Amino acid sequence: MTLPGVQASEGLRGPSQGKPGRSRLAWPPLPRGARNWFRWRFRAMRALRLLFAPCLPKGRAAPEHGNLPFVFSSMAAERSFIAIKPDGVQRGLVGEILGRFERKGFKLVGLKQLTPSRELAESHYGVHRERPFFAGLVDFITSGPVVAMVWEGDGVIASARKLIGATKPLEAEPGTIRGDLAINIGRNVIHGSDAPETAEFEIGLWFTPAELSDWTPADQVWRAEG
Ligand code: DAT
Ligand code: MG
């Protein structure tokens, strides 16, 4: 049915838009879900641009999102899964470790404390399943509360690994978490994702999407340029 006052143009109607009056744009031959995604993304971006145009500093564009204000430029930022292991929690090192990531300037988007099930631990360390230390590692990681976190920011995966330090704490540089706070490989206080694929897998394993916050620190402009 054509809405009053809306003229549907036959020539411009999309390929699967059989109903008259549905569309005034020629959509490429994409599945309906993809078309809807593009359509709503476009509308959302346009609304945000209109809404924030007055407060957009001149020459201050976020390249990956057109001329949206910088507050939206973190939408596709990198995330890493970080966990303070039971030894770190038992030793009262949570504040110390969390503080190092905060002071670096990364953004905390997920945080919870839990004692992992064996199933969760075995999935998390599945890559080490065949290693002789696997059983002991699973026993250790399920032995008490773990503080699970997701941190966000440009380059956070590699940077977190540097903040954490080498797997063997005696080989970790002073100034790193393991270098400063641990001695033994089996008690190295913290885990950090080692690559984008593992980060994605681990975040999905430990957190539901609803447990992660999209937010912008009030001082974001002082953390990262542009
Ligand atoms: P990392 O935690 O630095 O990513 P990894 O993925 O190689 O290190 O190993 C996972 C954990 O398994 C590690 O933090 C401690 C434990 N582990 C690794 N190698 C070990 C070994 N040879 N003996 C005992 N535990 C070990
Ligand atoms: Mg690892």
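Above this note sits the structure.
Here's a quick rundown of the structure. Counting of residues starts from 1 at the beginning of each chain's written sequence and follows it residue by residue. Here every chain gets a letter starting at A, and every ligand a number starting at 1, in the order they are written. At least 70 in pLDDT is required for a residue's local features to be given in this predicted model, at least 80 for side-chain atom pairs to be given and counted, and no such filter applies to totals for whole chains, interfaces and linings, which use all residues. Each side-chain value is worked out from all heavy atoms of the structure, with water and hydrogens disregarded.

## Side note on the packing of aromatic side chains
Centres within 6.5 Å make a pair out of two Phe, Tyr or Trp rings, where for Trp the six-membered ring is used; the pair is then stacked when the planes are under 30 degrees apart, edge-to-face when over 60, and tilted otherwise. Here the structure, examined in full by the defined rule, presents three aromatic pairs. Where Phe101 meets Trp151, the ring centres are 5.4 Å apart and the plane angle is 25 degrees; that geometry is what we call stacked. With Phe101 in helix α3 (residues 94-104) and Trp151 in strand β3 (residues 146-152), this residue pair connects regions lying 50 residues apart in the sequence. Across this residue pair, the class does not change: Phe101 and Trp151 are buried. Numbered from the N terminus, helices here are DSSP runs of H or I no shorter than four residues, and strands are runs of E no shorter than two. For every residue, the accessible area obtained with a 1.4 Å probe (protein chains only) is divided by the maximum for its type, and the residue is called buried under 20%, exposed over 50%, and partly exposed between those limits.

## Here we look at the side chain of His124
Among the structural elements, His124 can be located in helix α4 (residues 118-124). The exposure class assigned to His124 is buried, which follows from its relative accessible area of 7%. Only heavy atoms matter for contacts: two residues are in contact if any of them lie within 4.5 Å across the pair. Excluding its chain neighbours within four sequence positions, the residues that come into contact with His124 are Phe81, His191, Glu202, Leu205 and Trp206.

## Here's the deal with the site of ligand 1
We define proximity as follows: a residue is near a molecule or strand when any one of its heavy atoms falls within 4 Å of that partner. Near ligand 1 you find Lys85, Tyr125, His128, Phe133, Leu137, Arg161, Thr167, Arg178, Ile185 and Asn188, and these make up its full shell. Here Lys85 contributes a side-chain N or O atom positioned 2.9 Å from an oxygen atom of ligand 1. Side-chain polar atom of Asn188 to an oxygen atom of ligand 1: 2.9 Å apart, as the coordinates give it. Where accessible areas are quoted, they stem from the Shrake-Rupley method and a 1.4 Å probe; at the residue level, only the protein chains shown are allowed to cover. Out of a free accessible area of 510 Å², ligand 1 has 75% covered by protein chains. The class makeup of the residues in the shell around ligand 1 is four nonpolar, three polar and three charged. By the criterion applied in these results, polar contacts are pairs of N or O atoms within 3.5 Å in which, for protein atoms, one can donate a hydrogen and the other can accept it, and in which residues neighboring in sequence qualify only through two side-chain atoms. Just so you know the grouping, Ala, Val, Leu, Ile, Met, Phe, Trp, Tyr, Cys and Pro go in nonpolar, Asp, Glu, Lys and Arg go in charged, and all remaining residues, Gly too, go in polar.

## Let's talk about the pattern of salt bridges
Each reported salt bridge corresponds to a side-chain nitrogen of Lys or Arg within 4 Å of a carboxyl oxygen of Asp or Glu. Using the criterion set out here, one finds eight salt bridges in the structure. A salt bridge links Glu96 to Arg100; its shortest N-O distance comes to 2.8 Å. Taken as a pair, Glu96 and Arg100 lie in helix α3 at a separation of four residues, close to a single helical turn. One network of salt bridges, with partners in common, ties together Arg79, Lys107, Glu152 and Asp214.

## Considering the environment of Gly186
Along the polypeptide, Gly186 turns up in the loop between α7 (177-181) and β4 (190-192). According to the relative accessible area criterion, Gly186 is partly exposed, its value standing at 28%. Along the sequence, Gly186 and Pro169 sit 17 residues apart, while their C-alpha atoms lie 9.5 Å from each other.

## Considering the side chain of Glu202
If you trace the backbone, Glu202 turns up in helix α8 (residues 196-206). Reaching out from Glu202, the side chain makes a polar contact with the side chain of His191 at a distance of 3.0 Å. Sequence-distant contacts of Glu202, that is, excluding residues within four places in its chain, are made with Phe81, His124, His191 and Ser193.

## What to know about the sheet that holds β4
Whether two strands pair comes down to DSSP finding at least two bridges between them. Across the sheet, four strands lie side by side as β2-β3-β1-β4; this open sheet has antiparallel pairing. Looking at strand neighbours, the two that pair on one side only are β2 (107-114) and β4, the edges of this open sheet. Between one strand and the next, the sheet's axes are offset by a mean angle of 15 degrees, whatever the strand orientation. The convention used is that axes are lines fitted to C-alpha atoms, helices contributing only their stretch in contact, and that angles between N-to-C directions extend from 0 to 180 degrees.

## Let's talk about the nonpolar core
Proteins that are soluble and globular tend to have nonpolar side chains buried together. Here, nonpolar core refers to any group of buried Ala, Val, Leu, Ile, Met, Phe, Trp, Tyr and Cys residues whose side-chain atoms link them within 4.5 Å. Ranked by size, the top nonpolar core spans 21 residues in total, and within it Ile82, Ile97, Phe101, Trp151, Ile177 and Ile190 carry the most contacts. Sorting the residues of this core by element identifies β1 (79-84), α3, β3, α6 (156-164) and α7 as the ones contributing at least two each. Sort the elements by how many residues they give to this core and α6 lands first, with four residues. In this structure, Phe81, Val109, Tyr125 and Leu137 belong to the second largest nonpolar core, which totals 17 residues.

## So, the pairing of β3
Among the seven residues of β3, seven are classified as buried, and the element is accordingly described as predominantly covered. Burial of the side chains of β3 extends over both faces: Val146, Ala148, Val150 and Glu152 are buried on one face and Val147, Met149 and Trp151 on the other. By the bridge criterion, seven bridges tie β2 to β3 in an arrangement that is antiparallel. Looking across to β3, one finds that Gln113 is bridged to Val147.

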